[in-house]
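Survey of secondary and tertiary structure
Letter by letter, the chains look like this.
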Amino acid sequence: YRRTTKLGKGGTKAFNDRLQDIFRLIEADFTPMRDGKWLKETINGYLHPEEKKEEKFSPLPCEDKEKDTTLEHLDDGSVPSWFMKYAEVSDVCHGRKQSYYSTIKKIRRYELYKREFEGIEGFNLIPDTLTIDDLYDFYDYVEKEYIYYEDHFEWYRQFHIDKKPPVKYTKNYIETVKGHVRAFMNWMTKNGYSSNMEYKKLTIKPDVVADPIYLTLEERDKVFYADLSKHSGLSLYRDMFMFQCLVGCRVSDLYAFTTRNITEDGFIEYLPMKTRENAVEGAPSTFCRVPLNDKAMEIIERNMDKRSGRLFPYRNRAMYAYGIKMLLLLCEIDRMVVATDPDTKEFAHFPLYMVATSHTARKTFVANIYKKVKDPALICSMTGHVPGSKSFRRYRHIDDECKWDALEGIE
């Protein structure tokens with residue numbers, strides 16, 4: 001296609017729709033190991049499905065198409081077997097259930113590792129005989145599994161985890177795994193399936209979290225009013241990011257907004273996509289209703305597609321994330337903040353623009369409103385959080401200014 005190609009009636013829309021399908025296909029299958037050959041074959045496979053080779057592209061020589069069968073045919077009375085039953089009946093969201101399955105797979109791999117490399121024939125963790133030493137030995141295995149994976153790469157291939165191999169986990173993640181096991185054992189004892197209380201001796205430390213990373217109102221306005229005449233490619237990313245800062249939505253909701261979400265009295269209303277996907281039957285759904293101020297309305301008028309009703313044109317999410325970093329770098333938003341180093345998994349100092357993401361906008365919305373009103377229930381009605389939830393506490397920031405304001409009230 002050239003700029004001057006005549007596509008005919010409806011041809012432009014069909015072309016753009018196919019282009020977006022290709023973007024989504026690439027996003028869904030992308031991993032850091034993919035290369036140019038994979039990209040070419042992916043696009044060709046979409047355009048010419050009849051010519052698509054049966055052989056799947058393999059960025060790694062060891063990659064196996066088969067799925068992980070670690071949890072199949074488990075019915076031996078072991079911890080993984082019972083844990084599977086617990087996960088299936090648990091009244092939790094989809095994301096939590098998937099994290100349970102991840103922990104169960106780790107337990108199963110631990111059992112097989114003990115048999116293979118420590119010579120303990122038929123080794124199994126049994127709920128009634130589980131000891132505190134067994135639990136700590138398992139957690140030690142989880143911490144070191146990424147090392148074992150490198151040392152015994154061929155053996156680990158049977159689990160088909162090449163696309164997402166074990167990594168060095170953070171302390172917070174290890175504590176989360178401990179919490180999964182404790183929840184499972186609580187269920188076992190509560191329902192009379194086991195009388196073993198050894199797990200009660202397990203110490204679970206609270207998560208260690210850094211202060212939320214967000215833009216101050218001064219920094220936000222600096223970005224909003226920045227002159228991008230020489231960087232027009234960043235204008236849309238700036239508008240999308242600023243809109244998130246002004247309404248507090250997640251990026252998944254930002255991409256789904258249309259004029260139907262805007263009410264006559266100047267609000268934007270929506271049921272968060274994450275709430276819909278993770279909804280638990282019988283649990284109340286939090287509907288968000290956020291007033292649109294002048295800045296938000298200005299952004300909508302500048303970007304709205306009147307034909308489709310979409311508030312923003314579609315942009316590849318990876319490019320949006322990259323655009324945010326470039327935008328903040330250009331605006332010199334380089335205040336040093338504490339964040340997790342992706343290599344060491346430890347806390348370190350970074351310029352804000354380096355660690356900013358679309359979720360930084362959501363934190364900007366929550367943190368700045370909390371400074372003004374300090375009413376969690378009010379903020380949650382606009383963000384979709386459950387008041388008092390752990391995740392909401394990670395968004396707000398109780399800084400020195402908040403403390404001074406509190407003390408002034410009792411002088």
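The rules behind each value
Residues numbered from 1 in each chain as written. Predicted model: local features only at pLDDT ≥ 70, side-chain atom pairs only at ≥ 80, totals over all residues. Heavy atoms only, no water. 1 Å grid on protein atoms, 1.4 Å probe; cavity = no way out; pocket = protein on both sides within 12 Å on 5 of 7 lines; lining within 4 Å. Points joined across faces, edges and corners; volume = space filled by probe spheres on them. Nonpolar A, V, L, I, M, F, W, Y, C, P; charged D, E, K, R; others polar. Salt bridge = Lys/Arg side-chain N within 4 Å of Asp/Glu carboxyl O. Buried < 20%, exposed > 50% of the residue type's maximum accessible area, 1.4 Å probe, protein only. Helix = DSSP H or I, 4+ residues; strand = E, 2+ residues; numbered from the N terminus. Axes fitted to C-alpha atoms, helices over the stretch in contact; angles between N-to-C directions. Parallel < 35°, antiparallel > 145°, perpendicular 65-115°, else oblique. Left-handed = near helix turned anticlockwise from the far one by under 90°. Contact = heavy atoms within 4.5 Å. pLDDT = per-residue confidence, 0-100. Phe/Tyr/Trp six-rings, centres within 6.5 Å; stacked < 30°, edge-to-face > 60°. Lys NZ or Arg CZ within 6 Å of the ring centre and 35° of its normal.

With respect to empty space enclosed by the protein
One pass over the structure, following the stated rule, counts 1 cavity of 30 Å³ or more. When its volume is computed, the largest cavity comes out at roughly 50 Å³. Lining the largest cavity, in full, are Val79, Ile107, Leu125, Leu130, Leu135, Phe138 and Val181. The residue makeup of the lining of the largest cavity, split by class, is 7 nonpolar, no polar and no charged.

A few points about the pattern of salt bridges
Applying the stated criterion across every chain yields a total of 16 salt bridges. Arg220 is the salt-bridge partner of Asp221, the closest N and O atoms lying 3.0 Å from each other. A relative accessible area of 23% means that Asp221 is categorised as partly exposed. Among the ionic pairs, Arg302 bridges to Glu298, the shortest N-O distance being 3.0 Å. Of this pair, Arg302 and Glu298 both sit in helix H12 (residues 294-303), 4 residues apart, which is roughly one turn of the helix.

Let's talk about the packing of helix H8 (residues 217-224) against H12
Geometry of a packed helix pair, given as the angle between the helix axes and the separation of the axes. Packing of H8 against H12 leaves a shortest axis separation of 13 Å and a crossing angle of 25 degrees. By the criterion of interaxial angle, the relationship of H8 to H12 is roughly parallel. In the packing of H8 onto H12, the handedness of the crossing is left-handed. Facing Arg220, Asp221 and Phe224 of H8, the residues of H12 in contact are Lys295, Glu298 and Ile299. Across the contact of H8 with H12, the residue classes tally to 2 nonpolar, no polar and 4 charged.

As for the confidence of the model for the chain
Note: predicted coordinates in regions of low pLDDT should not be interpreted at a detailed level. For the chain, the mean per-residue pLDDT works out to 83, and 83% of the residues sit at or above 70. Counting interchain partners and residues more than four positions distant, the pLDDT-below-50 stretch residues 52-65 has 22 contacts.

Re the side chain of Thr360
For Thr360, the location among the structural elements is in helix H15 (residues 358-373). Given a relative accessible area of 4%, Thr360 falls into the buried group. Ignoring anything within four residues of it in the chain, the contact list for Thr360 reads Ile213, Tyr214, Leu215 and Val355.

Here's the deal with the packing of aromatic side chains
In total, this model carries 32 aromatic pairs according to the counting rule given. Pairing Phe83 with Phe184 gives two aromatic rings, centres 4.5 Å apart and planes at 10 degrees, and the pair type is stacked. Highlighted residues: Phe83 in helix H3 (residues 79-89) and Phe184 in helix H7 (residues 171-190), separated in sequence by 101 residues. Looking at Phe83, the relative accessible area reads 0%, which means it is buried. For the pair Phe243 and Phe257, a centre-to-centre distance of 6.3 Å together with 75 degrees between the ring planes defines the contact as edge-to-face. Here Phe243 is found in helix H9 (residues 235-247), whereas its partner Phe257 is found in the loop between helix H10 (251-256) and strand E1 (267-270), with 14 residues between them in sequence. We note Arg289 situated over the ring of Phe267; from NZ or CZ to the ring centre the distance is 3.8 Å. In this structure, Lys295 packs its charged tip against the face of Phe224, placed 5.7 Å from the ring centre.

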